[in-house]
Amino acid sequence: MLDAFAPLDRSLLDDFQRGLPACPRPFAWMAEQLDSTEAEVIARLTALRDDGAITRVGATVRPNTAGASTLAALAVPEARLEQVAAFLGGFDEVNHSYLRENDWNLWFVVTASDSAHLDQTLDTIRRDTGLTLLDLRLLRPFNIDLGFSLSGAGAQPLTRKQIDIDALREDDRPLLHHLSHGLPLCPHPFKAVADALGRPEDTVIARTDALIKAGIISRFGVIVRHRRIGWSANAMVVWKVPDAQVEAAGTALASLSGVTLCYQRRTVPDLWRFGLFSMIHARSRDEAHEVLSRAKALPELAGIEHQVLFSTRCFKQTGAALTNSR
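These numbers were taken from a predicted model, which means no experiment stands behind them.

Novice: Explanation requested: the overall build of the protein in the structure shown.
Specialist: Helices and strands together make up the secondary structure of the protein, namely 10 helices and 11 strands. Looking at the protein as a whole, 53% of its 326 residues are labelled buried. Taking the intrachain contacts of the protein between residues at least 6 apart in sequence as the baseline, contacts between residues at least 24 apart amount to 76%. Accessible surface, the protein as shown: approximately 14000 Å² in total, 49% of it carbon and sulfur.

Novice: Just to check I follow, could you spell out the side chain of D9 for this structure?
Specialist: Mapped onto the secondary structure, D9 falls in helix α1 (residues 7-15). When neighbours within four sequence positions are excluded, D9 is seen to be in contact with R44 and L48.

Novice: Please clarify how the nonpolar core should be interpreted in this entry.
Specialist: Side chains of nonpolar character tend, in soluble globular proteins, to be buried together. Counting residues in each nonpolar core, the largest one holds 40 residues, and the members touching the most others are L12, M30 and L45. Looking at this core, the elements that each hand over two or more residues are α1, α2 (26-34), α3 (38-51), β1 (54-61), α6 (172-180), α7 (189-197), α8 (201-213) and β7 (217-224). If near-sequence neighbours (up to four positions away) are discounted, L12 is found in contact with M30, L34, V41, R44, L45, L48 and V222. Formed by 25 residues, the second largest nonpolar core is a distinct cluster that contains V237, I280, A282 and L292.

Novice: What is the right way to look at unusual backbone geometry in this model?
Specialist: For residues besides glycine, phi is generally negative; the peptide bonds are generally trans as well. With a phi angle near 55 degrees, D35 is a residue other than glycine that sits in the positive phi range. By the element assignment, D35 lies in the loop between α2 and α3. A positive phi angle, close to 70 degrees, is found at D270, a residue other than glycine. Its relative accessible area of 75% is what places D270 among the exposed residues.

Novice: It is not clear to me how helix α10 (residues 285-296) should be interpreted in this structure. Could you clarify?
Specialist: Since one α-helical turn is 3.6 residues long, residues separated by three or four positions face the same way. Between its terminal C-alpha atoms α10 stretches 16 Å, which fits the 16 Å expected from 12 residues at 1.5 Å a residue. Residues of α10 that are buried make contact with β8 (233-239), α9 (246-254), β9 (259-265), β10 (276-282) and β11 (306-317).

Novice: What is the right way to look at the packing of α7 against α8 in this model?
Specialist: For any two helices packed against each other, one specifies the crossing angle of their axes together with the interaxial distance. Where α7 contacts α8, the two axes come as close as 8 Å, and the packing angle between them is 105 degrees. Here α8 runs roughly perpendicular to α7, going by the angle between their axes. Between α7 and α8, the residues in contact are F190, K191, V193 and A194 and E201, V204, I205 and T208, respectively. Residues that form the contact of α7 with α8 fall into these classes: five nonpolar, one polar and two charged.

Novice: Explain α2 to me, please; I cannot follow it from the model alone.
Specialist: Of all the residues in α2, the buried ones are P26, F27, A28, M30, A31 and L34. In this structure, the buried side of α2 is in contact with α1, α3, β1, α7 and β7. D35 occupies a position one or two residues after α2 and carries a positive phi of about 55 degrees.

Novice: I'm lost on the packing of helix α4 (residues 81-89) against helix α5 (residues 115-129) in this one. Help?
Specialist: Where α4 meets α5, the axes come as close as 12 Å, and the angle between the chain directions of the two elements is 155 degrees. Comparing their axes, α5 and α4 come out roughly antiparallel. Remark: the crossing between α4 and α5 carries right-handed chirality. Contact residues: α4 offers V84, F87 and L88, while α5 offers I125, D128 and T129.

Novice: Can you walk me through the pairing of β9 in this structure?
Specialist: Consecutive residues of a regular strand have side chains that alternate between opposite faces of the sheet. With seven of seven residues buried, β9 lies mostly within the body of the structure. One ladder, built from four bridges, connects strand β6 (residues 138-143) with β9; its direction is antiparallel. From the neighbouring strand, L138 faces β9, where its bridge partner is R265. For β9 and β10, the ladder comprises five bridges, and the chain directions are antiparallel. The residue of β10 that forms the bridge with C262 is S278.

Novice: Could you clarify how one ought to interpret the environment of S257 in this entry?
Specialist: Topologically, S257 is positioned in the loop between α9 and β9. Among the residues examined, S257 registers a relative accessible area of 56% and is labelled exposed. Separated by 37 residues in the primary sequence, S257 and R294 place their C-alpha atoms 9.1 Å from one another. Residues contacting S257, with those up to four places away along its chain left out, are V291 and R294.

Novice: Got a minute to help me understand the confidence of the model for the protein in this structure?
Specialist: Detailed reading of the predicted model is not advised wherever pLDDT is low. Looking at the protein as a whole, the pLDDT averages 89, with 89% of positions reaching at least 70. Confidence over residues 153-160 falls short of pLDDT 50; this stretch has 25 contacts with residues more than four positions distant or in other chains.

Novice: Please clarify how the packing of aromatic side chains should be interpreted in this entry.
Specialist: Two descriptors summarise a pair of aromatic rings, namely the distance from one centre to the other and the angle between the planes of the rings. Tallied over the full model, the rule gives seven aromatic pairs. Taken together, a centroid distance of 5.3 Å and an interplanar angle of 65 degrees make the contact between W107 and W272 edge-to-face. A residue pair is termed long-range when its members are at least 10 positions apart, and W107 in strand β4 (residues 106-112) and W272 in the loop between β9 and β10 qualify at 165 residues. The pair formed by W107 and W272 is uniform in burial state, with each residue classed as buried. When the ring of F190 is compared with that of F220, the centres are 6.3 Å apart and the planes differ by 40 degrees; the resulting orientation is tilted. One end of the pair, F190, is in helix α7; the other, F220, is in strand β7, with 30 residues separating them in the sequence. Relative accessible area serves as the criterion here: at 0%, F190 is assigned to the buried category. Taken together, the aromatic side chains of W107, Y263, W272, F274 and F277 make up a single cluster linked through ring pairs. Seen from the ring of Y98, R100 lies directly overhead, with NZ or CZ sitting 5.5 Å from the centre. One residue, K240, lies across the ring of F274, its end atom 5.2 Å from the ring centre.

About the cut-offs
Residues numbered from 1 in each chain as written. Predicted model: local features only at pLDDT ≥ 70, side-chain atom pairs only at ≥ 80, totals over all residues. Heavy atoms only, no water. Helix = DSSP H or I, 4+ residues; strand = E, 2+ residues; numbered from the N terminus. Buried < 20%, exposed > 50% of the residue type's maximum accessible area, 1.4 Å probe, protein only. Contact = heavy atoms within 4.5 Å. Areas by Shrake-Rupley, 256 points an atom, 1.4 Å probe, with all protein chains shown as cover. Core = buried A, V, L, I, M, F, W, Y, C linked by side-chain atoms within 4.5 Å. Expected span 1.5 Å × (residues − 1). Axes fitted to C-alpha atoms, helices over the stretch in contact; angles between N-to-C directions. Parallel < 35°, antiparallel > 145°, perpendicular 65-115°, else oblique. Nonpolar A, V, L, I, M, F, W, Y, C, P; charged D, E, K, R; others polar. Left-handed = near helix turned anticlockwise from the far one by under 90°. Pairing = 2+ DSSP bridges. pLDDT = per-residue confidence, 0-100. Phe/Tyr/Trp six-rings, centres within 6.5 Å; stacked < 30°, edge-to-face > 60°. Lys NZ or Arg CZ within 6 Å of the ring centre and 35° of its normal.

Below is the structure:
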């Protein structure tokens with residue numbers, strides 16, 4: 001996949017997935033690192049976005065800090081799949097939606113400004129689809145952020161850091177909403193965001209920097225579409241781990257090379273008993289199964305029941321909605 005992109009594009013995709021500074025001209029800063037020009041960097045990022053290699057240049061917001069979110073699933077009859085997936089896609093609150101190989105086949109992330117709005121959105125989905133919905137709230141993160149290398153070096157997990165939730169201000173939520181949907185690809189993107197919010201540019205930059213340092217923005221940079229750059233095998237592996245063993249098992253999984261995400265979620269009695277979730281992003285199913293074999297061999301997971309849910313289709317992938325849209 002590395003050869004599919006020109007050198008400048010490879011650098012933009014590989015080297016700037018994290019660490020973009022909050023400054024008046026971030027694309028000029030990128031250009032300086034690449035011995036290029038601001039205009040060329042903006043042009044190439046625009047082309048990569050239009051081609052589907054990146055979703056945006058902006059922020060990922062740590063779950064359940066500035067808003068409320070959950071992972072949900074529906075068991076959709078095949079004859080209704082297109083209709084239900086399109087229905088979910090119409091919600092601004094649904095920012096990720098995937099088809100996976102399981103009876104619970106349609107998986108999606110719902111993010112809202114607060115728990116009440118999240119609950120309202122889930123209730124609307126239940127009512128209008130007539131389907132049972134799994135609501136699998138996050139209980140404990142072990143590793144919840146990642147990046148992807150074009151060179152085949154594997155996904156790049158983010159070291160977990162302490163979060164300073166007290167740094168968040170109520171008026172940061174509209175700013176985070178804009179940043180999670182991407183900076184405008186123009187020479188002064190923070191000024192454009194500031195104008196949209198009716199705030200001074202220097203205030204917007206200062207608040208963005210503060211939110212990055214506080215860990216509320218978990219990653220700020222180029223957000224790639226992993227399938228488009230070669231990481232086409234996406235397996236969600238869920239484990240039925242006893243509560244007393246979750247801490248040890250989650251820590252071990254999060255440290256295993258090839259496991260890109262790991263977290264504990266709420267279970268649903270009689271419907272979903274798998275509380276430990278892990279993600280494997282690989283370039284092939286065989287490569288994903290190799291990672292899974294190493295995971296199963298961990299002493300902390302010896303004999304633990306698990307299921308493997310490969311994704312077969314992405315219906316939606318956007319930034320999170322952190323302001324009420326309905």
